There are 2 protein chains.
Amino acid sequence: MTDRQPTLDEVARRAGVSRGTVSRVINNAPHVSRAARQAVERAIKDLDYVPNVAARSLATQRSGAVVLAVSSDDQALFTNPFFAEVIVGVNAALEETDLELLLILAASERGRNRLARVLQSRRADGVMLLALRENDPLAKVAAEGGVPVVHGGRSLGGSHHWYVDADNRDGARQAAEYLISIGRTRIATITGPLDMHVGVSRYLGFREALALAGLGDERVAHGDFTEASGAAAMARLLTDHPDLDAVLIASDEMAVGALGVLKERGRAVPGEIAVVGFDDVVTARHTHPTLTTVRQPIKALGREMIRMLLALIRGEQPTPLILPTELVIRESA
Amino acid sequence: MTDRQPTLDEVARRAGVSRGTVSRVINNAPHVSRAARQAVERAIKDLDYVPNVAARSLATQRSGAVVLAVSSDDQALFTNPFFAEVIVGVNAALEETDLELLLILAASERGRNRLARVLQSRRADGVMLLALRENDPLAKVAAEGGVPVVHGGRSLGGSHHWYVDADNRDGARQAAEYLISIGRTRIATITGPLDMHVGVSRYLGFREALALAGLGDERVAHGDFTEASGAAAMARLLTDHPDLDAVLIASDEMAVGALGVLKERGRAVPGEIAVVGFDDVVTARHTHPTLTTVRQPIKALGREMIRMLLALIRGEQPTPLILPTELVIRESA
DNA sequence: TTGAAAGCGCTAACAT
DNA sequence: ATGTTAGCGCTTTCAA
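None of these values were measured; they are calculated from a predicted model. (Residues numbered from 1 in each chain as written. Chains lettered and ligands numbered in written order. Predicted model: local features only at pLDDT ≥ 70, side-chain atom pairs only at ≥ 80, totals over all residues. Heavy atoms only, no water.)

Taken together, 25 residues sit near DNA strand C, with S18, R24 and S33 of chain A together with L8 and Y49 of chain B positioned nearest. Within the backbone of A55 of chain B, one N or O atom sits 3.2 Å away from a base nitrogen of DNA strand C. Counting only elements with at least two residues in the surface near DNA strand C, the list comes to α2 (19–26) and α4 (53–60) of chain A together with α2 (19–26) and α4 (53–60) of chain B. By residue number, the principal contributor to the surface near DNA strand C is α4 of chain B, which donates four residues. Partitioning the surface near DNA strand C into residue classes produces ten nonpolar, ten polar and five charged. (Near = heavy atom within 4 Å. Polar contact = N/O pair within 3.5 Å; in protein donor to acceptor, adjacent residues only side chain to side chain. Helix = DSSP H or I, 4+ residues; strand = E, 2+ residues; numbered from the N terminus. Nonpolar A, V, L, I, M, F, W, Y, C, P; charged D, E, K, R; others polar.)

Of the residues lining the interface, 57 residues belong to chain A; the matching set on chain B comes to 56 residues. Both sides together, the interface formed by chain A and chain B hides about 5200 Å², and carbon and sulfur atoms give 54% of it. Interface area lost by chain A to chain B is led by E95, E100 and R123 of chain A, which between them contribute 13%. In this assembly, chain A and chain B are joined by eight salt bridges. For R114 of chain B, the salt bridge identified is with E95 of chain A, shortest N-O distance 3.8 Å. Where chain A meets chain B, there are 20 residue pairs in polar contact (both at pLDDT 80 or more). At the level of secondary structure, the elements contributing two or more residues to the side of chain A that touches chain B comprise α4, α5 (75–78), α6 (81–95), β2 (100–105), α7 (109–120) and α12 (252–264) of chain A. Considering each element in turn, the side of chain A that touches chain B owes the most residues, nine residues, to α6 of chain A. Tallied by class, the residues present in the side of chain A that touches chain B amount to 26 nonpolar, 16 polar and 15 charged. (Contact = heavy atoms within 4.5 Å. Buried area = accessible area lost by both parts, 1.4 Å probe. Salt bridge = Lys/Arg side-chain N within 4 Å of Asp/Glu carboxyl O.)

Before going further, it helps to examine the sheet that holds strand β7 (residues 220–222) of chain B. All names here are of chain B. One open sheet holds the six strands; their spatial order is β7-β6-β8-β9-β10-β12, and the pairing between them is mixed. Among the strands making up the open sheet, the edge pair consists of β7 and β12 (326–328). Averaged over all pairs of adjacent strands, the angle between their axes in this sheet comes to 20 degrees, without regard to strand direction. As defined by bridge partners, strand β6 (residues 187–191) adjoins strand β8 (residues 246–249) across four bridges and the pair is classed as parallel. (Pairing = 2+ DSSP bridges. Axes fitted to C-alpha atoms, helices over the stretch in contact; angles between N-to-C directions.)

One face of the sheet, then the other: side chains in a regular strand alternate in exactly this way. Across the six residues of strand β2 (residues 100–105) of chain B, six count as buried, placing the element largely inside the fold. Burial along β2 of chain B is two-sided: E100, L102 and I104 of chain B facing one way and L101, L103 and L105 of chain B facing the other are all buried. (Buried < 20%, exposed > 50% of the residue type's maximum accessible area, 1.4 Å probe, protein only.)

All names here are of chain B. Here strand β4 (residues 149–152) shows no split at all, with V149 and H151 on one side and V150 and G152 on the other all buried. Taken together, the three bridges between strand β3 (residues 127–130) and β4 define a ladder with parallel strand orientation. Bridge pairing in β4 links L129 to H151. Considered for its hand, the β-α-β crossover made up of β3, helix α8 (residues 137–143) and β4 is right-handed. Of the pairings in the sheet, the one linking β4 to strand β5 (residues 163–166) comprises two bridges and is parallel in character. Bridging across to β5, G152 finds its partner in V164. (Right-handed = clockwise from strand over helix to strand, strands pointing away.)

A separate point is unusual backbone geometry. Residue and element names in this part refer to chain A. Backbone torsion omega between H288 and P289 reads -5 degrees, so that peptide bond is classified as cis. For P289, the position within the fold is in the loop between β9 (274–279) and β10 (292–295). We note that R122 has phi near 65 degrees; this positive angle belongs to a residue other than glycine. On the secondary structure map, R122 appears in the loop between α7 and β3 (127–130).

Right, let's talk about the packing of aromatic side chains for a bit. Residues and elements named next belong to chain A. Under the defined criterion, the tally for this structure stands at two aromatic pairs over all chains. Residues Y203 and F206 carry aromatic rings whose centres are separated by 6.5 Å and whose planes lie at 15 degrees to one another, so their mutual orientation is stacked. With Y203 and F206 both in helix α10 (residues 197–212) and three residues apart, this pair spans about one turn of that helix. F206 shares its class with Y203; the two are buried. (Phe/Tyr/Trp six-rings, centres within 6.5 Å; stacked < 30°, edge-to-face > 60°.)

This paragraph deals with the relation of the copies chain A and chain B. Each of the two chain copies goes to the other by way of a rotation about an axis and a shift along it. Take chain A, turn it by 180 degrees, move it 0.1 Å along the axis, and it overlays chain B with an RMSD of 0.1 Å. Both copies are brought into coincidence by an operation consistent with a two-fold rotation axis. (Least-squares fit on C-alpha atoms with pLDDT ≥ 70 in both.)

This next bit is on the pattern of salt bridges. Any two side chains of opposite charge can pair if their charged atoms end up close together. This model, assessed by the stated rule, comprises 54 salt bridges over all chains. One salt bridge in this structure joins E100 of chain A and R117 of chain B, with 2.6 Å as the shortest N-O distance. You can see E100 of chain A sitting in strand β2 and its partner R117 of chain B sitting in helix α7 (residues 109–120), one on each of two chains. Classification of E100 of chain A by relative accessible area gives buried; the value is 1%. The partly exposed category is assigned to R117 of chain B, whose relative accessible area is 32%. Residue E326 of chain A is joined to R295 of chain A by a salt bridge in which the shortest nitrogen-to-oxygen separation is 3.7 Å. Highlighted residues: E326 of chain A in strand β12 (residues 326–328) and R295 of chain A in strand β10, separated in sequence by 31 residues. Using a relative accessible area of 42% as the deciding quantity, one classes E326 of chain A as partly exposed. The partly exposed category is assigned to R295 of chain A, whose relative accessible area is 32%.

Now the structure itself:
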C-alpha cells in the first residue's frame, strides 16, 4: 500500500540530468534545453512522479492550500444550502488552480484554535471566512494568522478590508419594486438581524423602493433568518397590520415559516398577500406556492473569493467586490 | 503580515536546551526532566511557537490531514443536506484529533485527478469517500492512492473493504411494518436505483416486511432518488395500482415529488394514502403534510468514518460498521 | 544551459 | 536525561 513514491533525484538520474534541471522543468522555469526538458518529462511519466508537497512547502514557504472557515454557532446552520453552494463555487474555482481546500467549521473556541493552529503552522496560504455575526471572534483569529483573509459578506463597521458580497440592497429594492409593479400598496417586510450588514442592507433596499413610490414603510417586523422567527414575525405583522397585501421577507427560511402561518390563517398567497423571499435556496422551489425570491449569485461568490485570495497571495491589492442579485419570479408573488 | 514564525531552534536556545529535548516535549515523548519540560513549555508560550507542518511532514512522512472526497455528477447533489450533515459529523470528530480536513468535490475527470495528485503528493494520510454510483471511478483513484480508504455506504459488489453504512434494510422494514401496523394492506414502494446497494437494501427491507405479514409486494415503481423521478413513479403507481393505500418511498426527495402528484390528483395523505420517506433530510419537516421518514444517523456516520480511518492509519484492522436507523413518525403516515 | 551545494524546520537514531 | 547529527525531498542561489 505504501510503495515509496519516486523522488526528484530518481527522476534526475533516470533522465540523466541534474536535480536542478528537473526542478526547472517541473516549475517550468527558463534555461532548459528542449532535449533536457523532454528527457525529464519522459522520466516523470515513466516513474509516475509527483513532487512531495511537504518538501516543496518547506523549501518554498508556501503550502499550496487555502482554508475556508465557516463560523456557525449552530451546526444546523451549516446545513443551510447556502454554505453548500458556496463550497461548490469555491471548489470549482479551485480546479483552475493547484491549490487544495481545507475546510474548518469553527463554531466554538476549539474550532477557532484549530484555525489559528492551521495558519500559524503555515498549512495554508490564505483564508476565506464565512462569518455570520458582526465581530465574530473568528475574524480576529484569521486576521492574526499572518496570511491574507477574504470575507464572504461585508461587516457593518467596515472592518473587512477584502470581501465579496452580494448586492443585497439592490436585490431588496428590486423585489419591493416588483411588488409595487403588481399593484401592491400596503407592503410589509420581515427583516433579518439589524446588527448584520446583510440584514440592514436588505431593509434599506426595501425602504428605498417604498419611499420612491410614495408608499408607507411602517409595516415592519424583525427576525433572525430562522424559520421560526419568520413565522413569529408574520404572526405579529398580521396582528399589527391586518391590511397588508404583500410582504418582503429577508430570507427564504423565514419565508417558509411565514408561509406556514399564512396558510394556517387561511390567507391566500399570492391572492390576498404576495410573498417574496431572499436567497433562492433550493427550498424556495418546493414551497406551496413556490417562492418568488431574490437570487444571490452564490457560486460566483465562492469563485470570486478564491480569485481575490489568490490575488492577495500574489501580493496584489484587489478591490472589494459586490455581485449583482436578481429577482426570480415564481408563484408566491 | 508575514512576520517570520519562530523555529524550534529558537525555542531550544531560549529554553537553554537542545533541539532534541524541545522535540521530545512537543511530541511528549518520555525521558524529559520536569525542569527541562517546563523551560521548554515556557519558551514555547513566550515565543508563541507552533511547529511548521511542512518540516514535520517531511521528517515524519505523515501529513496530518485526511481528505473527504465527494463524487457527484451533478453539483446540485452536493447541495443535498445529506452531505452537509456528513461534513458536520466529520468535522466534529476531527476536533478530537489534530488532523485537518481536505475537501474535494470530484465530479469530473479533473476532480479525480486532483484527488490522485493530493494522495500521490502525500498531502493526506487517508481518504473518506462519498461515492454515489456503483463502480465510481473515484473509488479506483482513491484505492491507488497508497493510503487507507474508508467508504460511506457499501458497494453492491462488496468491493469496499472498509465502510460505514446505515442499516437501510432494517429502516425500510421498520417503515413497512409501521404501515402494516396502522392497518394498511395494499402497500406500494418507490425504490431507488437497484444498481446501488442503498437502493437494493431498502427494497429488500420493504419486501421482507410484507412477506412476513403475508401481504402482496407487487406494487413497485422505480426511481433514481430525484424528486422528478419520485413524481413520475407515483403517477405510474396510481395508474397501475389504483387501489394502493400506502407507499414507502426510498428517499425524501422522491417523496416530495410523490406528494406533489398525490396533491394534484386530490388524494388525501395520509387519509387515503399513507406516505413514508427515507433519510430525514431537513425538507421532510417542511412538506405538507410533514413527512414520516426513516432517519439515518448521518452525523454518526461522519464520526465513525473518521474513527475507522484513524484506526487504519495506525495500522489496525477495524471492522466495517453498520449504524442503526430509526423511524420518525410525522403527519404523512 | 547545466551542475553542485546549501538550506527550509523538523524528527529520530545514536551517542553520551 | 540530554545533546548531536544525519537525513526527509525539494528549491534556489552560485559557479561553471
